[in-house]
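Coordinate analysis (summary)
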Amino acid sequence: MHGREEGETPGRGEGETPGRGEEETPGRGEGETPGRGEGETPGRGEGETPGRGEGETSGRMLSPSPNWYCSRCSDCSPGAVLGFGAKNSIVLLEVAPRRPRILGELTGHMERVTGFSFCPHASLPDTCASASDDGTVKIWDTRTKTMLKEHTAHQAAITTLQWSPLRKELVVSGDEKGLLICWWHLKGATQIFFPEPRHIFCLSCSPHSEEQVAVGYKDGMIVIVDVSRKGAVVHRLRGHDGEIQSLSWCPQLCQEPVLCCVKNVADLQNGDLAKGEKEQICVLASGSRDQTIRIWNASKGKGLVTLRLPQMKRRGTVDMGAKERIWLTVHWPRNRPTQLVSSSFGGELLLWDLAQGGKQKWTLLGQSPEGQNHSRIVFNLSSVCGQDGRELLLSTSMDRDVKCWDLTTLECSWTQPSLGGFAYSLAFSPVNLGSLAVGVGDGMIRVWDTISLQGPYDIKTLWQGIKSKVTSLCWHLTKENLLAFGTEDGKVGIYEIYSNKPPQISSSYHRKTVYALAWGPALPPVSTAGTGDKPALTLYSCAGEGIILQHNPWRLTADAEDINQLIRETNGIKHRVPGRSEMSWKPDGKVLAIGNDDGSIEIFQAPRLKLLCTILTHHKLINAIRWHHPHGSDLDLSYMMASGSNNAVIYVHNLKTALENPSVAPMTMIEPFRTLAGHTAKVTSLSWSPHRDATLVSACYDGTAQVWDVLKEEPVCNYRGHTGRLLAVQWSPVDAECIWTGGDDFTVRQWNISEQQHTKPPPGKKFSELERKKVNGLKPKSKKGKRRSERWIVGEEGEETLDPSLLRVPTPGILEEEQEGSGQVESVPGGMSQTPASLGAQENAESSLPSAAPPPMGQAPQGRKDRPKEERKRERPDTAVAKKKKGRSMFPLSTSNDHRSKEDLHADCVNLAHLLHDKGIDDQGQAGLGDQIQLGLFMDRPALYRMFKEEGQNHVEAGHPEMWYQLLLWKGDVKGALEMAIERGELNDTLVAMAPMAGYTVWVRTIEAFVKQLCYQEQYTKAATLLLAIHRVHQAVQLLQSYQMFREAVALAKAFLQPDDPVLKDLLTSWASQMEKDGHYSIAAKCHLATGSPYDAAKVLAKKGDAASLRTAAKVALVSREGELAAQLASRCALDLLSQRDWLGAQQVLRGDDSLLGQSLVVCTYELLYQTLADRDVVLWKSLNAPRYHSWSIQPRGFLIDTMLTVWSTEFGVSAMDGIRLGEARRQLKATEYPAPSAHTQARLVLLQLSHELTLSLTCALLSDYVESVTTLLRLPVRCINASNFTLMQEINKILLLGGAEFIPDLEAKLTPDPFGLAALQSLQAFLCYGQLYELWWELGKERSRTFQAGAEEKPEPHRDSEGGSEEGRERTSLGLLANDPGSLVSSTTLEPVNMAQELLVRCRCLLSVDHARLQGLERRTAEIQQAVATLVSIHQRQSSGIETQGRGPRATVRPETELRDGPQTGARPEPEAGTETKLGPETEQRISPESETKAEPTDRREPEAELRFGPETEARLKPEVDPGTRPESENEHKPENELRVGSENGARSKRDVDPKMKPNPESEPSVGSMLEIRPDPGARLKADAKPEIWPEPGPTNAPNLETETGPESVVENGSEDTSSSSHFKPEIPLREDGTITMVELVRELDDVARQKSEIPEVVKCHPFPDVMECCLVLLYVDSLAPSLLPIGLRDAALSMAHAYSTGRGLQRFVPDSA
């Protein structure tokens, strides 16, 4: 799913396209803009070459489509490479007769490529030239894909370009202004010609004369120019009526007989033929929009023949609009002088035979019934000769296909599809696995059969009924022909791809872009088909307005259901639900995950959509949610859900507990199971690998796709082949190595994981973007300030001077005759040239400069403010004596007539007397008009009105209509004045005030017109005020709201409307949405509070995510009685404060809310535990801010539990006496669940989890629920081990169990009736002994190191006897080893530490649990079988998809994952180096194996690790890294790949089996040399999966290759069979004699293991337990280091259990014949 912007509601802004501009149509014309979209990055990512991206060489790719409406935008090289302009880049395609191959792209232009041409000369085979709308012409090297040269002489958009076929240094280009530029690139010079002041549309350089260039213009003119004579026009060819769309020269000189057959054609269809010429002539063909092709004699400038395009029969009647859509391109094949290829009306290609007589001279290409022709008009044609001598024709069309034609057979050889928009969505069919659907921004869907045998690009295009950008796709889960799609305009439809029917469109449209589609089970209520039944699967759509609709596929005409209504009813939600932005059904159809615009994810249970869990890890809009597939080797993986949002981090959550054991109240998850960090922009799409467990790929706006190992939280590889942002990603269902990605670079690319060079995503691109802007000359936006009236530039010394460019004035253009006659061109440096016209303009501009010189250098012109105050005061006019300005006269005409000469004034008096007293005169009606206008003032009212009218017309003509309105008002014509003002849009306050005099209707109409006029003048508040005068309050409010004046609208509504008026609530809601989009969360929260939606107010306040915002949001929710939300927000705020070690602030946030009592106790425990660890010099993390503690945590403390109880009682009022508060606290604590930590989990989160478990355990103990208390307490050491922090586990044990194991009997007495409680106590006791046992082993290792270092020269002789040594000798040896450390557990000064160690070892008997050892062996066996099953499935998928695998035979063989991925291992195993083999002491060797001295050494002895195995995980865990007393130097080493076993990498392990990461390795015993140098550290644990230091590197001979190993029976050194292996845990998977194994055998083996597991008591399975085999080996090593400590019975028990349940080589060190 493509990314969405932050702050949208919930998707993008209204009217905003989802990441794409108008330019997704690749060419210009018919309203289509071909350039790059808004916000696109025109170049590649940081550090990439301009050519092909990494990982593209072997994968397929859908390239951007060729640009439209360009006369020459594609060309073929002599080396059979096709290049075509696609958007602002050039795509290179290797031309072959059978199928093409994409070679890469040339990127560098900033705008659309409009011209492209290869160099036709053999000396420059890999050179080409391109032109662009950005005004540049560039020369490229196609081999290295780099730009060589460029020039920027054009000042307008370039329309065409061609490389001269005769001069390799000449490139000719033309632009829209009519400039023709010749670029001599070897000299670096340009020449500019201006043959015609017209728009150049196309050009073609003559192949016969290097000086001649034919230029076609938009108005139908063709001009042949001689570039050697300063651009002189040789011929003007007139005849076309429309724009010249193509020009093509005949490749050979023609003679008279060539066109002789044409002479007899005199019909009107093909025009008249002029008399041919006998000598050789140059022939030029031209194609025009007037639907004709003309053949010209270019030598004499005459027309030879006119060819008119025929009307195809299949087109039916003549379309009157065909001329508007025609593009007539012509091409003369290289070796066919009498044949011409042209395009036609609807995409057909015609081959004209000019030497053929008769009416029909053309032949249609591609006449086979398959329909090989283009479906839309063709723009460019080019040809190339193949290796077999056949000529191939290449065509590009508006249908976005590139076709290759064989001119011999006239059939289409192949078709290369392309994309005309962003690749928004990718979807593989779950039924037809190889079918990939691509949703594209060009309004079409491509269905690509990626495993088709017909070719690599078997694509079907769907376009009917779409008419918008396809932004989302989803296949039906069971029907392979149904494909659902969503569009940018909110449309949802279903296509039947195997039929020609138009799609079914849902009648329910979304208001914004559809972002997600999903098929899922029907939810109530769903409309039926009338028979009472309902579909098994319905279609769900999620769009930008934030709702999810359920569409019935049987009745798409019915209204779709909004599932928010069902969610509200089921969960009793009254507040506003968040905007929905993403959804995903779990594959079993029982659970629906919905992502919201506030970053939360909600998990609902079908069919009633009960809320099970809310995930609050993201804080920004959710873009992608994906569930792990259910067919992995571990069923628990199917509960994993990955999510990506706008904050660039991917979180993976394990929802097993929430789904299997849902609580009454919805669970809240605030911590992820795994965190995948590395992307630097919003994550747009996710996809799980169907072949590898827990492997995820993500697509991001940073332009890369990243593959992750989820369980290890490690990046695997990073793909950087795209040149823009990534919008979609899909993992191939048929190839484990193949991934498909689509982006806004108009491409879909296939790439392989193993071919990528990068592992992690690139760093942020802010710096690279700034560098790119600097290179391109893009200046940053300057701050707003006052503009200067004059522009000043800074000189060399920093002084300001006036920019002379501003003083230039335009000059009139040069006459056409002068332009034709003058062809002189002056070259200027830098590839720029100027014509004499431009030079003359500069001269005129310089001569027209004002004579006043600019101010001196370094001085600014003296302004008014720079003068003295007294001088400025003297300049002020004396307002007291100044003459007042007289107002404008109402009667200027009559006034002027009264100021005539005295004779005229006297005549007026006489005329007025006649008019007043002589009633019979005829000109009385003339008074007040014309020359007698001034007399109207002295006569009757009609004469006055006539004067008013003439004066008013004069005012209007003079631009003062308001005077005319006043005259009309004086006349009493109020209605007329208002109508005239309304018509002219010139109402004013005076006219509106007079409007009531004309009546109510006129008044209302005047107010409405004045309101409209004020809106045009942007006086919105005044307009709203006028609406109040006519009692239109709602309209006034709506007016202010429509112009985003929410504050004024709210004030107006509150002043006039009732408080419960819905308009007021809608207004506040709209204001809140706008403020939320703009980032003003505080104002948005106030609006929500005013509407009675405190829930929404708190959610909006929390969007920013900082501690202050979360604290405020929590307070608002708490005051508004939204307790659940307040608790969530307060918890988030507290977590943020805890990360800064601000315990004081965290408690302040949590206090005051009883629903957060449990959280407050956890924070209290957290603070005390952190302080206690800090006192022990264990600091887990630090922060930039200084920590803030409570006073009670700084004071001296005793036992931690006692301190906790004291603080709980004094600070929180929680004690054992208050059972109600304790019960509420326990309920709150149990409602919060944390995922199991991993080695990558942050230390602060691990300590938080431990504090939570400890608080819950103590709370249960105070409530006398000891079973729950012990069970919870048991999770403390387990979480420490899962986090690979063994040191923390030991410190926790020492802090909590300060009194040792004395509490065990007391708890055992309290738990006696409950077997499960006793089992938990047994596991807890085992973990306690487990940690102490390791500490003892480390102490013994350090003692032995010191002993060897001190007594290396004088070593006591050991006492031995035939029975392995007496007890006295054993004790003396032990005391001698441990006599140098008075602080160790065992010392020579006193026997008390010896007794303590012996007591510890006696207690360690609890570690030797037979049932747990059996269970753990069966679990490891199950993991092996599951991995083998997964391997068989992977092999079967490869075979079924036709992918060849290594070593394929008649039967599938099982090999480990590492070999399937990396191939079989080769090479011999290195021999161990001298002095590196670890040996036991002589007493120990004799005691363990007394008969070993007499045993013969076999000559063909195998390596021990190849003989005996504990199993894949146990063997890897028990290999030592260093000596037992040594701290490992690195915690980041990884297990060698050749030591992996089947099931050891991704095999499932039960939650009862403790993760062995970072455990100390008991297998090796320190050698003498290593003991003298290494100082053991008891605070460290050895890595289980690290490579041993003292053992030789394991080779391929002992790798668990199931094809070569013989079976489960191990071979001992003397060649006999081993009978000591237990039937409960077999070391290897049973194989046949030929080394193969079947699925049936694996299933039978799995059933046998399940049967054996069912025999184990349930109390053994319910709690985790330390690894029994590991504990046995540690006990044996302790015995080898200090034989006097370990009781004989315990040693025998450990040996016996190791014999029964292990076959590992570690046992061989103690009993060599155990093999």
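Below you will find a few notes about this structure. Only a predicted model underlies this, so the values are computations on that prediction, with no experimental measurement involved. (Residues numbered from 1 in each chain as written. Predicted model: local features only at pLDDT ≥ 70, side-chain atom pairs only at ≥ 80, totals over all residues. Heavy atoms only, no water.)

**Observations regarding the overall build of the protein chain**
What the protein chain contains, in helices and strands, is 45 helices and 61 strands. Counting only residues that meet the buried cut, the protein chain has 55% of its 1715 residues in that class. Of the contacts formed within the protein chain by residues at least 6 apart in sequence, a portion of 61% connects residues at least 24 apart. Working note: accessible area of the protein chain is about 75100 Å², and carbon and sulfur atoms make up 51% of it. (Helix = DSSP H or I, 4+ residues; strand = E, 2+ residues; numbered from the N terminus. Buried < 20%, exposed > 50% of the residue type's maximum accessible area, 1.4 Å probe, protein only. Contact = heavy atoms within 4.5 Å. Areas by Shrake-Rupley, 256 points an atom, 1.4 Å probe, with all protein chains shown as cover.)

**Structural notes on empty space enclosed by the protein**
Remark: the empty space left among the atoms is shown by a probe the size of a water molecule rolled over them. On inspection of all chains with the given rule, the structure shows 13 cavities of 30 Å³ or more. Volume-wise, the largest cavity comes out at about 120 Å³. Taken together, 13 residues make up the lining of the largest cavity; nearest its centre are D598, L616, K1099, A1102 and R1132. Among the elements that take part in the lining of the largest cavity, helix α22 (residues 1123–1139) stands out by supplying four residues, more than any other. (1 Å grid on protein atoms, 1.4 Å probe; cavity = no way out; pocket = protein on both sides within 12 Å on 5 of 7 lines; lining within 4 Å. Points joined across faces, edges and corners; volume = space filled by probe spheres on them.)

**A word on the sheet that holds strand β52 (residues 695–700)**
Strand pairing in a sheet is mediated by backbone hydrogen bonds. Such pairs are either parallel or antiparallel. The strand order across the open sheet formed by four strands is β51-β52-β53-β54, and the pairing between neighbours is antiparallel. Edge strands, defined here as strands with exactly one partner in the open sheet, are β51 (683–688) and β54 (714–719). Between one strand axis and the next, the sheet turns by 25 degrees as a mean value, whatever way the strands run. In this sheet, β54 lies alongside strand β53 (residues 705–709) in antiparallel orientation, the contact comprising five bridges. Across the sheet, A705 pairs through a bridge with Y719, a residue of β54. (Pairing = 2+ DSSP bridges. Axes fitted to C-alpha atoms, helices over the stretch in contact; angles between N-to-C directions.)

**A short note on the sheet that holds strand β47 (residues 640–645)**
Ordered in space as β46-β47-β48-β50, the four strands form an open sheet in which the pairing is antiparallel. At either end of the open sheet lies a strand with only one pairing partner, and these are β46 (622–627) and β50 (674–676). When strand polarity is set aside, the average angle formed by the axes of neighbouring strands in this sheet is 20 degrees. Sheet topology note: the β47/strand β48 (residues 650–654) ladder contains five bridges and is antiparallel. Each residue of the ladder has a partner; that of M640, found in β48, is N654.

**Section: the pairing of strand β19 (residues 283–288)**
Burial analysis of β19 places six of its six residues in the buried class, the great majority of the element. Neither face of β19 is exposed, since V283, A285 and G287 on one face and L284, S286 and S288 on the opposite face are all buried. The pairing of strand β18 (residues 244–249) with β19 spans five bridges and is antiparallel. Looking at β19, one finds that S246 is bridged to G287.

**Focus on the pattern of salt bridges**
Evaluation of the coordinates by the stated rule reveals 48 salt bridges. When the shortest N-O distance is used, the salt bridge between R725 and D744 registers 2.6 Å. Of this pair, R725 sits in the loop between β54 and β55 (726–731) while D744 sits in the loop between β56 (738–743) and β57 (748–752), placing them 19 residues apart in sequence. With respect to class, R725 is no different from D744; both count as buried. Across the salt bridge formed by R1421 and E1424, the nearest N and O atoms sit 3.2 Å from each other. On the criterion of helical spacing, the pair formed by R1421 and E1424 is a turn pair, its members being three residues apart in helix α35 (residues 1410–1440). For the pair formed by R1421 and E1424, the shared burial category is buried. (Salt bridge = Lys/Arg side-chain N within 4 Å of Asp/Glu carboxyl O.)

**Describing the packing of aromatic side chains**
In this structure the tally under the stated criterion is 32 aromatic pairs. Here F891 and W970 contribute two aromatic rings whose centre-to-centre distance is 6.4 Å and whose plane-to-plane angle is 50 degrees, an arrangement assigned as tilted. Residue F891 is located in the loop between α7 (869–875) and α8 (892–897), and its partner W970 is located in helix α11 (residues 961–971); the two are separated by 79 residues in the primary sequence. Three or more aromatic residues joined by ring pairs form one cluster here, namely F1286, F1327, Y1330, Y1334, W1337, W1338 and Y1677. (Phe/Tyr/Trp six-rings, centres within 6.5 Å; stacked < 30°, edge-to-face > 60°.)

**Remarks on the environment of L1067**
One can find L1067 in helix α18 (residues 1062–1078). A C-alpha to C-alpha distance of 8.5 Å links L1067 and V1037, two positions 30 residues apart in sequence. In contact with L1067, other than residues within four places in its own chain, are V1037, Q1041, F1046, A1049, V1050 and A1053.

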